[in-house]
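Below, each chain spelled out in residue letters.
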Amino acid sequence: MIEGALWRRWVFYNIPLILFVFVLLFPFYWMIVTTFRPDGELYLPWNAVNYMPFWTNNPTLEHILYLFEETNFSRWMLNTMFIALVSTVISLFCGVLAGYALARLNFPYAGGLGTAIFITYLVPQTLLFIPLAEIIRNFQLGDTPWSLILTYPTFLIPFCTWLMMGYFKAIPKELEECARIDGASRWKAMVYIVIPVAVPGILSSGIIAFTLSWNEFIYALVFLSSPDQKTVPVGVTSELIRGDVFFWGPLMAGALLGSIPVAIVYSFFVEHYVSGLTGSVKG
Amino acid sequence: MAVTALSAAESKRLSPRLRKLEDERWLAMALLAPTAILLGLFIAYPFFEGVMLSLSSTRVGEPGHFVGLKNFHKIWNDSIFRTTVWNTFWYTGVTTVFKLALGLWLAILLNRHFKGKAIIRAFILLPFIIPTVLSTFAWKWMFDPTFSVINWTLFQLGLITTRINWLGDPDLAMTSIIVINIWRGVPFFAITLLAGLQTISPELHEAAAIDGARPWQRFWHVTWPLLMPVTLVVVLFSVIQTFADFQLVYVMTGGGPANATHLFATYAYQLGIGTGLLSEGAAISLAMFPFLFIIVVVQLLYIRRVETR
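Residues numbered from 1 in each chain as written. Chains lettered and ligands numbered in written order. Predicted model: local features only at pLDDT ≥ 70, side-chain atom pairs only at ≥ 80, totals over all residues.

(A) Representation of the overall build of chain A. Counting its regular elements, chain A contains 15 helices and two strands. What you see for chain A is a C-alpha radius of gyration of 24 Å, clearly larger than the 19 Å of a compact globule of 283 residues, by over 25%. Dimensions of chain A, computed from C-alpha atoms along their principal axes, come out at roughly 80 × 65 × 30 Å. The buried share among the 283 residues of chain A stands at 46%. (Helix = DSSP H or I, 4+ residues; strand = E, 2+ residues; numbered from the N terminus. Rg over C-alpha atoms; globule rule 2.2 N^0.38 Å. Buried ≥ 20, exposed ≤ 12 C-beta atoms within 10 Å, placed from the backbone.)

(B) Region of interest: the overall build of chain B. When you go through chain B residue by residue, the secondary structure sums to 15 helices and zero strands. By the compact-globule yardstick of 19 Å for 309 residues, chain B is too spread out, its C-alpha radius of gyration being 26 Å. Principal-axis analysis of the C-alpha atoms places the extent of chain B at approximately 90 × 75 × 35 Å. Expressed as a percentage of its 309 residues, the buried residues of chain B come to 40%. Summarising the internal contacts of chain B: among those between residues at least 6 apart in sequence, 67% fall at separations of at least 24. (Contact = placed C-beta atoms within 7 Å.)

(C) Spotlight on the domain arrangement of chain A. Residues and elements named next belong to chain A. Its domain assignment divides chain A into domain 1 (6–60) and domain 2 (63–280). Centre-to-centre, using C-alpha coordinates, domain 1 lies 33 Å away from domain 2. Between domain 1 and domain 2, the residue contacts involve six residues of the former and eight residues of the latter. Put simply, the parts of the chain that give the side of domain 1 that touches domain 2 at least two residues each are α1 (6–35) and α2 (39–42). With four residues, the single largest contributor to the side of domain 1 that touches domain 2 is α1. Across the side of domain 1 that touches domain 2, the residue classes break down as three nonpolar, two polar and one charged. (Domains from an automatic or database assignment. Nonpolar A, V, L, I, M, F, W, Y, C, P; charged D, E, K, R; others polar.)

(D) Spatial organisation of the interface of chain B and chain A. Between chain B and chain A, the contact holds 83 residues from the first and 79 residues from the second. In terms of residue count, the dominant contributor to the side of chain B that touches chain A is helix α3 (residues 24–54) of chain B (18 residues). Taken together, the residues that form the side of chain B that touches chain A break down as 62 nonpolar, 14 polar and seven charged.

(E) View of the environment of Leu-203 of chain A. Residues and elements named next belong to chain A. You can see Leu-203 is positioned in helix α11 (residues 199–215). Owing to 17 C-beta atoms within 10 Å, Leu-203 belongs among the partly exposed residues under this scheme. Considering only alpha carbons, one finds Leu-203 and Gly-276, 73 residues apart in sequence, at a separation of 8.7 Å. Excluding its chain neighbours within four sequence positions, the residues that come into contact with Leu-203 are Phe-269 and His-272.

(F) The nonpolar core, seen in detail. Judged by nonpolar contacts, the single largest core of 153 residues is most densely connected at Tyr-100, Met-252 and Ala-255 of chain A together with Ala-190, Phe-264 and Ile-284 of chain B. Once you skip the residues sitting within four places of it in the chain, Ala-190 of chain B turns out to touch Gly-103, Leu-106, Ala-107, Leu-110 and Ile-124 of chain B. (Core = buried A, V, L, I, M, F, W, Y, C linked by C-beta atoms within 7 Å.)

(G) Spatial organisation of the confidence of the model for chain B. Residues and elements named next belong to chain B. When the pLDDT values of chain B are averaged, the result is 87; 94% of them are 70 or greater. Mean pLDDT values for the elements of chain B range from 48 in helix α1 (residues 2–13) up to 95 in helix α5 (residues 79–110). When the criterion is pLDDT under 50, residues 1–9 qualifies, and its contacts beyond four places in sequence or with other chains add up to four contacts. In the model output, the complex is listed with pTM 0.90 alongside ipTM 0.90. (pLDDT = per-residue confidence, 0-100.)

(H) Representation of the environment of Ser-79 of chain B within the structure. Summarising the element assignment, Ser-79 of chain B is placed in helix α5. Linking Ser-79 of chain B and Val-298 of chain B, residues 219 residues apart in sequence, is a C-alpha distance of 29 Å.

(I) Spatial organisation of the confidence of the model for chain A. Summary statistics for chain A give a mean pLDDT of 89 and a share of 96% for residues scoring 70 or more. The weakest mean pLDDT in chain A belongs to α2 of chain A at 80; the strongest belongs to helix α4 (residues 73–104) of chain A at 95.

(J) Examining unusual backbone geometry more closely. In this structure, Pro-257 of chain B follows Gly-256 of chain B across a cis peptide bond, with omega equal to -10°. Within the secondary structure, Pro-257 of chain B is located in the loop between α13 (247–252) and α14 (264–274). Notably, Asp-143 of chain A is not glycine yet its phi reads approximately 65°, a positive angle. Mapped onto the secondary structure, Asp-143 of chain A falls in the loop between α6 (129–138) and α7 (145–151).

Structure representation (structure tokens):
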């Protein structure tokens, strides 16, 4: 890159970048400030005198305590965690096997099946939620975590398969052929030779699948009804708003705490997450 | 020769079931079976059910009968549905243009070596990672008519004298929703386009610079065409996700004020789940399908043309 004068670097690069970072992160700062702000300060009108929106001198834990004492928040966290983990494992299992088959095996209709997977990858959840709600009810799965554990793979598997196909295609065929010459069966060559090499890909798909299931909203909103079955996004939406009254303190506390597991997983595996994200658009 | 002899000897020791897996076709079938079952049961079957539902007169607790295209006829004459269609196209179009422009700008800003790049890259992806519903609540709180921090800032800067009721006015509400969608989508565009930028050799830029190309010309004639394949796929994903969006509008306005900000998904939810008109809800959801189908086909054809060029 050809670097210009110092002022030029500030005007064209540093200041815009600082503005981007500020705008992208401000809502999270706002979430944090609101979580620790007492109700008395929270509900000051925007034009009140001495209103200091960006900071508080009287931090409080009342909203977080409210969340744990007056609502099922801890239960929602456990539900979401359980649903996200199990559906991620199911999707990884299916996605890795399907990705292997589509990327490395010769069989009739392989191309057609690959296209079919790609098309299901593009099916949004909002296209099918009404008939799916009927089907879930007919299968007697309504209001159970299984209604989500079995339906989340519909958008996770195509994603995992697609990503894994990319990783599997990059592994040289010779690796497998060596194992086969040494007497390994196809199955063994896959399980012991090829899949271990693809572990970074599995990690990437797993992390993204986990964040996607944690993020999912419409299925959870439609399939679950009792307060103790809900996931974090649905619980926060339905239990912290009564009629027209928004409990902003607990709401922001819930949003903050509900984001933490995803943020932790993400912070540990940023590189895997990014490589998965960029791999998913490689077509 | 040796290979076949060995594997023949090996396969003698295998159980019949495992021996079958030596055949590529059987193995492929076994490996694809779990995926096929789950996707068949929860995508293909619901799709079929959805079509049947949209052609019937089912309501909650009331099994309907076949009515043909009556539901589609009804929604076609529904003024809220027409607003919904217009909203969805406006929302998708405007947000995509801004997400692409801002995302590309951010990607270019990040495509340099500077201190703290890894940390900044990790942080700017946060809007995309954090569950949409939860971050949208933070925005809703920022846009709150009485306690809005945005109003406070504008007031302190002397730009406004009376409050702006962000979510009370149809146009302002739609604009607010568009802003939030752009906010959430820019990181995804930036990070994926950054990956695309990094595959472009800096030598091409240097060669163009030596030939006297201005920075803008270097961008337009070198970077943009080379980035095209990645851009198209990113836009395809984003357009589909935005077109079928639900969470943002559901949280911010619930389709209001006066049904002015509905998208396909929120209107389908309101009719199908809210009022229990399952058939009409399913019909509205399915009405997305032809549009999505056209978008996907056009984009895929265009991607293929760009890639074979």
